[in-house]
Amino acid sequence: MSVHTIQRASAFVLVCLILPPSSALAHGGSNRGPGFGAPISGGPGGNPSPGGPGGGAPPSRTGRGAATLDVRLWETWWGLNREEFLPSRGVMPDGSVITGYESRENRAPNRGDVESTILPLLRDILKDEKSQEVRDAAALALGRVGGLGEVPILNSLTDDRQGAVREAAILGLGLVEQKDAEEKLALIARDPERLLRERGLAIMALGLSGGEVAEALLLKDLGTNKSDEFYRRARNGHFEPLRALAAMLTKKHDLASSTSSGLPHPHLGHLITALRADAAPDELFLPVAYAALSKSRDPAAGPLVLQGLKHRKATVRAGAAIAAGRVFQRPDPATLKRLAQAVSEESDLLARRLLLISLGRMGGEGSRDFLLRHLRMADRQEVGFIYLALSLTRDTAVIPTLRAGLTSAREASLRSAAALSLAVIGDKESLPALIALLDEDRNPTVRAYTAEALTILGDVRAIPALEKLLKSQKSEDVVAACAQGLGLLGARDSVATLLIALRESKSLPERGAIAYGLGRMGDRGVIEPLVQLTRDKAVPDLVRAFAVVALGIVGERSPGLPPFSRTTIDSHYGVVIETLVELQDIL
């Protein structure tokens, strides 16, 4: 079982309950949120069966590239986009009332900590360790914390006998952001003898790296049917949609702004040309490429997005719906009217609900009022999407509506959506109500989402409630959410509790969330205990592997949004490309 795909932030559900068997068996579990991503037939994780909330049969998506997640559920959207709203590190303002909390300057690891402690450990593991899980975790961690000096090690690991280690090394090369690493990745991406999955991961790693070598490979003949050595034996690799998405990641506009920045994206012209030509031989190119426009944050993509919303294929319209929220900002009345009409006329559930989310992202009174009107006639599943969309408007006038949802909703799903929405909009006055919900609601899914909402609010007054629940709960969903929250709220006094829980937990999702929380705490004080845990051969290999995961996170060169979340946020989950599924399950 591989670890680098079970590192997702707050793992609550094993990916083997979600993904096709080939992926699940290869890479273990995923940690995305309570009930995330049930199969479209419903079942594990508390999601409804076809006759449950929301009514009707699930959308029919079959064949190549078909969706395997229930696109009806707001929980699915949230599981993929949640990192946008979580704190990037466990760093709070000075003056916290929690005992033991200090300013980041006194807590954060420095380069000396990494070079003297973390890097030597990772090198030793990759040289001498027998456990595949531990080596896998170390290869990816080396990319997170290393630099040019680690490129030769990662290069050699791309030919490792263990496939999971090869994949981790490929992704690690993308994280070091060095020209030498990009040249190796370009060779892998073009190598017809390599596994398609490795080539696809190399393409996406180039997008994350974003240098000149990466740009040259990603932009050449984008979206065309020209054949060269790059395409041989790659029919099922979906390389063209991957190149489109990776190309839009290179300039990191998606990190600079959450909405339209008004700044031109230098590669947007390449993607617009490819979309207008519609010459790519891959049927998934248009849906993914339209969604990739969201990464540009460039209003010049607006006309093409409006065009995409009228496409005959629902998957393409869904991709355009994702992009709309990022390229339009407070649209003029004429544009807003066209977008509202698109919602009213859209027959596809996913496209319509993604467009509702995008209307929230756009903000403005017009979007707010449309969403409030739509709320009155929405079915129960759509209400959750509208709550989240309203929170994205950042308009405090919607707070009473969200508070009413928290207190009056009978369905656990809607109470959960309201709790998260109040956190996203930053309603600090709801803190007592959320803590009470965490303590009093008997539904573990509601409790887990409420713990996540408290984490997003970023108020350290929630720490005692989270630690109390962590110690008393048996639900792995709740334990995982509390562990994540304690880390991201910088609960230094909870380190010992989290380390004990990591040693003793028998649950893969819990271990993933605990490692995530310890790493994202950003506290140099966790390094030595994690090193000791990693070196203790009496500890199960998976526990040691998760300790390595945490070390990679705490020591990463540029703390912030988890790098692979850039492929998850605004992802088109109405279609499936194996490479993107792999990335969606990595922290």
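Notes on the structure in this doc start here. Remember, predicted model here, so these are calculated numbers, not experimental data. (Residues numbered from 1 in each chain as written. Predicted model: local features only at pLDDT ≥ 70, side-chain atom pairs only at ≥ 80, totals over all residues. Heavy atoms only, no water.)

Quick look at the overall build of the chain now. Along the backbone of the chain there are 31 helices and 0 strands. Taking all 587 residues of the chain together, 66% fall into the buried category. Here the analysis covers contacts within the chain between residues at least 6 apart in sequence; of these, 72% occur between residues at least 24 apart. Of the roughly 20600 Å² of accessible surface on the chain, 51% is carried by carbon and sulfur atoms. (Helix = DSSP H or I, 4+ residues; strand = E, 2+ residues; numbered from the N terminus. Buried < 20%, exposed > 50% of the residue type's maximum accessible area, 1.4 Å probe, protein only. Contact = heavy atoms within 4.5 Å. Areas by Shrake-Rupley, 256 points an atom, 1.4 Å probe, with all protein chains shown as cover.)

Here we come to helix H4 (residues 132-145). A turn of α-helix holds 3.6 residues, and therefore any two residues three or four places apart point the same way. Taking 1.5 Å of rise per residue, 14 residues should cover 20 Å, and H4 covers 20 Å from first to last C-alpha, within 8% of that figure. Of all 14 residues in H4, 13 are buried; the element is thus mostly enclosed. (Expected span 1.5 Å × (residues − 1).)

Our focus in this paragraph is the nonpolar core. Core analysis: the biggest nonpolar cluster contains 188 residues, and Trp 77, Trp 78, Leu 271, Leu 275, Phe 285, Leu 293 and Leu 518 have the highest contact counts within it. At 11 residues, helix H29 (residues 541-554) tops the list of elements feeding residues into this core. Beyond its immediate stretch of four places on either side in the chain, Leu 518 contacts Val 495, Leu 498, Leu 499, Leu 502, Val 526, Leu 530 and Ala 550. (Core = buried A, V, L, I, M, F, W, Y, C linked by side-chain atoms within 4.5 Å.)

The next subject is the layout of surface pockets. What the largest pocket holds in volume is close to 330 Å³. Considering the residues around the largest pocket, the lining is formed by 15 residues, among which Leu 175, Glu 177, Ser 558, Leu 561 and Pro 563 are closest to the centre. Within the lining of the largest pocket, the residues separate by chemical class into 6 nonpolar, 3 polar and 6 charged. (1 Å grid on protein atoms, 1.4 Å probe; cavity = no way out; pocket = protein on both sides within 12 Å on 5 of 7 lines; lining within 4 Å. Points joined across faces, edges and corners; volume = space filled by probe spheres on them. Nonpolar A, V, L, I, M, F, W, Y, C, P; charged D, E, K, R; others polar.)

Two numbers describe a pair of packed helices, the interaxial angle and the distance between the axes. Axis separation between helix H16 (residues 333-345) and helix H18 (residues 365-375) bottoms out at 11 Å; the angle between their running directions is 20°. Relative to H18, H16 is oriented roughly parallel. In the crossing of H16 with H18, the sense of the turn from one axis to the other is right-handed. Here Leu 336, Ala 340 and Val 343 of H16 come into contact with H18, specifically with Gly 366, Ser 367, Phe 370 and His 374. Split into classes, the residues belonging to the contact of H16 with H18 amount to 4 nonpolar, 3 polar and no charged. (Axes fitted to C-alpha atoms, helices over the stretch in contact; angles between N-to-C directions. Parallel < 35°, antiparallel > 145°, perpendicular 65-115°, else oblique. Left-handed = near helix turned anticlockwise from the far one by under 90°.)

With that settled, consider the packing of aromatic side chains. Under the defined criterion, the tally for this structure stands at 4 aromatic pairs. Taken together, a centroid distance of 6.4 Å and an interplanar angle of 50° make the contact between Trp 77 and Trp 78 tilted. Pair check on accessibility: Trp 77 and Trp 78 agree, each one buried. For the ring pair Trp 78 and Phe 85, a centre distance of 5.3 Å and an interplane angle of 5° mean the geometry is stacked. In this pair, the class of Trp 78 matches that of Phe 85, namely buried. An aromatic cluster of three or more residues is present, and its members are Trp 77, Trp 78 and Phe 85. (Phe/Tyr/Trp six-rings, centres within 6.5 Å; stacked < 30°, edge-to-face > 60°.)

Quick look at the environment of Ser 209 now. Mapping Ser 209 onto the fold places it in helix H8 (residues 196-209). Classification of Ser 209 by relative accessible area gives buried; the value is 5%. Apart from the residues within four sequence positions on either side, Ser 209 is in contact with Gly 174, Glu 177, Gln 178, Glu 182 and Lys 252.

Moving on: helix H13 (residues 285-292). By the criterion of burial, H13 is predominantly enclosed, with 8 of the 8 residues buried. Within H13, burial applies to Phe 285, Leu 286, Pro 287, Val 288, Ala 289, Tyr 290, Ala 291 and Ala 292. Buried residues along H13 sit against helix H10 (239-249), helix H12 (268-277), helix H14 (302-308) and helix H15 (314-327).

Interpretation note: all reported values are geometric properties and have no functional meaning in isolation.
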